[in-house]
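Overview (structure and organization)
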Number of protein chains: 2
Amino acid sequence: MDLYARLRDVADFPSPGIAFKDVTPLLADPAAFAESIARLVAPFRDAGVDVVAGIEARGFVFGSAAALALGCGFVPLRKPGKLPAAALGVDYALEYGSDRIEVHADAFAGRGRVLLVDDVLATGGTLAAAVRLVAQAGGKVVGGAVLVELDALGGRARWVVPAPLHAVLHIA
Amino acid sequence: MDLYARLRDVADFPSPGIAFKDVTPLLADPAAFAESIARLVAPFRDAGVDVVAGIEARGFVFGSAAALALGCGFVPLRKPGKLPAAALGVDYALEYGSDRIEVHADAFAGRGRVLLVDDVLATGGTLAAAVRLVAQAGGKVVGGAVLVELDALGGRARWVVPAPLHAVLHIA
């Protein structure tokens, strides 16, 4: 199946000059969604993953289904102030300003082998912050998986853990 | 399995006097997560569901896995300004102020039978807004499914479509 054909380019979103890769047509298509998840997790079936950690919000969509497909648990990495119990956080720089992701301090207690999942790897800033956050909470990143890697943005260079980073689709 | 034991009460979140039902311990437990999703979708296996629509953000976690389990597609119902293509929206009242959810205008094109999924049914305002939003976008709600229903808050009374509303867990 041609999953690329299920992506939609939306011009000038979220800001002028950006061509946004919209994954919603792929998600809505039952066969494309199932195949995407199968291909997302395929390299990690024997990696001993305890939990998939998904990055809010589109990473929740791919991460949760990936966790079900792998038979493991799911941990949400959330925007600030959303987690009810004691949480840890990592601040990271954006092109303009900064952002922060948080995780429950006990999220990886007894389940430390973590597969990080997000929808798109662009500049890699969010994923790099997620790697730091997992380590801070005592987890070990055993892999990363994204649906789409935007190769030209070079985000892969910021993946500095000794574990595979897998992209189902590559866009030049 | 006792799924109730995998919920965590967090006092005074998001505001004083509220006892928040934290689903993250359940999500992190592989067996509890898998059983939750199986029980969430069980009544709808023969309902001819085309897509699961999940409400941002925790509804993405349960909705996406539910879609994979049912072999159908997933449609995100999002907070304002998050969807890249042409979208429709519904405003709804909160205790203080208001909120809004949006969906792509073409989200249900050719896939109109919709199962709505969220994590918790409380006062029912968000779910009622989601019902209106799906109708506005041309979809037909064939069911609703939540992990936890907070019975005392009476949100079920606001479910006005002729389709089943299923809760895996009930809290008085």
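Now for a quick tour of the structure.

Details of the overall build of chain A
- When its secondary structure is counted, chain A shows four helices and nine strands.
- Seen in sequence order, chain A has helices and strands lined up from the N terminus as β-β-α-α-β-α-β-β-β-β-α-β-β.
- In summary, chain A has a C-alpha radius of gyration of 15 Å against a globular reference of 16 Å for 172 residues, a match within 12%.
- Each of the 172 residues in chain A was classed as buried or not, and the buried ones make up 56%.
- When contacts within chain A are restricted to residue pairs at least 6 apart in sequence, those whose partners lie at least 24 apart make up 56%.

A short note on the relation of the copies chain A and chain B
- Rotating chain A by 180° about the axis while translating it 0.0 Å along that axis superimposes it on chain B, leaving an RMSD of 0.0 Å. Such values leave the two copies arranged in the relation of a two-fold axis. Identified as the residue of chain A closest to the rotation axis by C-alpha distance is alanine 65 of chain A, at 2.2 Å.
- Mapped onto chain B, 100% of the interface residues of chain A are again interface residues, and the two copies thus contact each other with one and the same surface.

What about the pattern of salt bridges?
- Tallied over the entire structure, the rule returns 22 salt bridges over all chains.
- A salt bridge links arginine 6 of chain A to aspartate 29 of chain A, with the nearest nitrogen and oxygen atoms 3.3 Å apart. Residue arginine 6 of chain A is found in the segment before strand S1 (8-11), and its partner aspartate 29 of chain A is found in the loop between helix H1 (24-28) and helix H2 (30-41); the two are separated by 23 residues along the sequence.
- Residue arginine 6 of chain A is classed as partly exposed on the basis of its relative accessible area, which comes to 26%.
- Residue arginine 78 of chain B pairs with glutamate 56 of chain B through a salt bridge whose shortest N-O separation is 2.9 Å. With arginine 78 of chain B in the loop between strand S4 (73-77) and strand S5 (87-93) and glutamate 56 of chain B in the loop between strand S3 (51-55) and helix H3 (58-70), this residue pair connects regions lying 22 residues apart in the sequence.
- Given a relative accessible area of 10%, glutamate 56 of chain B falls into the buried group.
- Look at the salt bridges and you will find they share partners, linking Arg6 and Asp29 of chain A together with Arg111 of chain B into a network.

Comments concerning empty space enclosed by the protein
- Under the defined criterion, the tally for this structure stands at two cavities of 30 Å³ or more.
- Considering only enclosed or pocket space, the largest cavity measures out at about 90 Å³ in volume.
- As for the largest cavity, its lining consists of 13 residues, of which Asp22, Val23, Thr24 and Arg58 of chain A together with Arg78 of chain B are closest to the centre.
- Contributing elements (two or more residues each) for the lining of the largest cavity: strand S2 (19-22), H1 and helix H3 (58-70) of chain A.
- For the lining of the largest cavity, the leading source of residues is S2 of chain A, giving three residues.

A few points about the sheet that holds strand S7 (residues 113-121) of chain B
Residues and elements named next belong to chain B.
- Taking strand neighbours across the sheet as the criterion, the five strands line up as S4-S3-S7-S8-S9 in an open arrangement whose pairing is parallel. Both edges of this open sheet fall to S4 and strand S9 (165-171), since each of them pairs with a single strand only. With direction set aside, neighbouring strand axes in the sheet form an average angle of 20°.
- Of the strands in this sheet, S7, strand S8 (140-150) and S9 are in contact with helix H2 (residues 30-41), which crosses S9 at around 135°.
- Along the sheet face, helix H4 (residues 125-136) touches S3, S4, S7, S8 and S9 and points at about 165° away from the line of S7.

Observations regarding the packing of aromatic side chains
- Applying the stated criterion across every chain, the model contains four aromatic pairs over all chains.
- Aromatic side chains phenylalanine 13 of chain A and phenylalanine 20 of chain A sit 5.1 Å apart centroid to centroid with 85° between the ring planes, which places their arrangement in the edge-to-face category.
- Overall, phenylalanine 20 of chain A belongs to the buried group, its relative accessible area being 14%.
- Taken together, a centroid distance of 5.9 Å and an interplanar angle of 85° make the contact between phenylalanine 60 of chain B and phenylalanine 74 of chain B edge-to-face. Taken together, the residues phenylalanine 60 of chain B in helix H3 and phenylalanine 74 of chain B in strand S4 connect sequence positions 14 residues apart. Summarising the burial analysis for this pair, phenylalanine 60 of chain B and phenylalanine 74 of chain B share the class buried.

Notes on the interface of chain A and chain B
- In this assembly, 40 residues from chain A lie in contact with 40 residues from chain B.
- Summing the contributions of chain A and of chain B, the shared interface buries around 3,000 Å²; its carbon and sulfur component is 64%.
- Put simply, chain A and chain B have four salt bridges between them.
- A salt bridge links arginine 8 of chain B to aspartate 106 of chain A; its shortest N-O distance comes to 2.8 Å.
- For the side of chain A that touches chain B, the secondary-structure elements that each account for two or more residues are S1, S2, H1, H2, H3 and strand S4 (73-77) of chain A.
- In terms of residue count, H3 of chain A provides more of the side of chain A that touches chain B than any other element does, eight residues in total.
- Classifying every residue of the side of chain A that touches chain B gives 24 nonpolar, six polar and ten charged.

Some points on the packing of H2 of chain B against H3 of chain B
Residue and element names in this part refer to chain B.
- Remark: H2 packs on H3, axes separated minimally by 9 Å, with the N-to-C direction vectors making an angle of 70°. When the interaxial angle is binned, H2 and H3 end up roughly perpendicular. Side by side, H2 and H3 meet where Phe33, Ile37, Leu40 and Val41 of the first sit next to Phe62, Ala65, Ala66, Ala69 and Leu70 of the second.
- In the contact of H2 with H3, the residues fall into nine nonpolar, no polar and no charged.

Parameters at a glance
- Residues numbered from 1 in each chain as written.
- Chains lettered and ligands numbered in written order.
- Predicted model: local features only at pLDDT ≥ 70, side-chain atom pairs only at ≥ 80, totals over all residues.
- Heavy atoms only, no water.
- Helix = DSSP H or I, 4+ residues; strand = E, 2+ residues; numbered from the N terminus.
- Rg over C-alpha atoms; globule rule 2.2 N^0.38 Å.
- Buried < 20%, exposed > 50% of the residue type's maximum accessible area, 1.4 Å probe, protein only.
- Contact = heavy atoms within 4.5 Å.
- Least-squares fit on C-alpha atoms with pLDDT ≥ 70 in both.
- Salt bridge = Lys/Arg side-chain N within 4 Å of Asp/Glu carboxyl O.
- 1 Å grid on protein atoms, 1.4 Å probe; cavity = no way out; pocket = protein on both sides within 12 Å on 5 of 7 lines; lining within 4 Å.
- Points joined across faces, edges and corners; volume = space filled by probe spheres on them.
- Pairing = 2+ DSSP bridges.
- Axes fitted to C-alpha atoms, helices over the stretch in contact; angles between N-to-C directions.
- Phe/Tyr/Trp six-rings, centres within 6.5 Å; stacked < 30°, edge-to-face > 60°.
- Buried area = accessible area lost by both parts, 1.4 Å probe.
- Nonpolar A, V, L, I, M, F, W, Y, C, P; charged D, E, K, R; others polar.
- Parallel < 35°, antiparallel > 145°, perpendicular 65-115°, else oblique.

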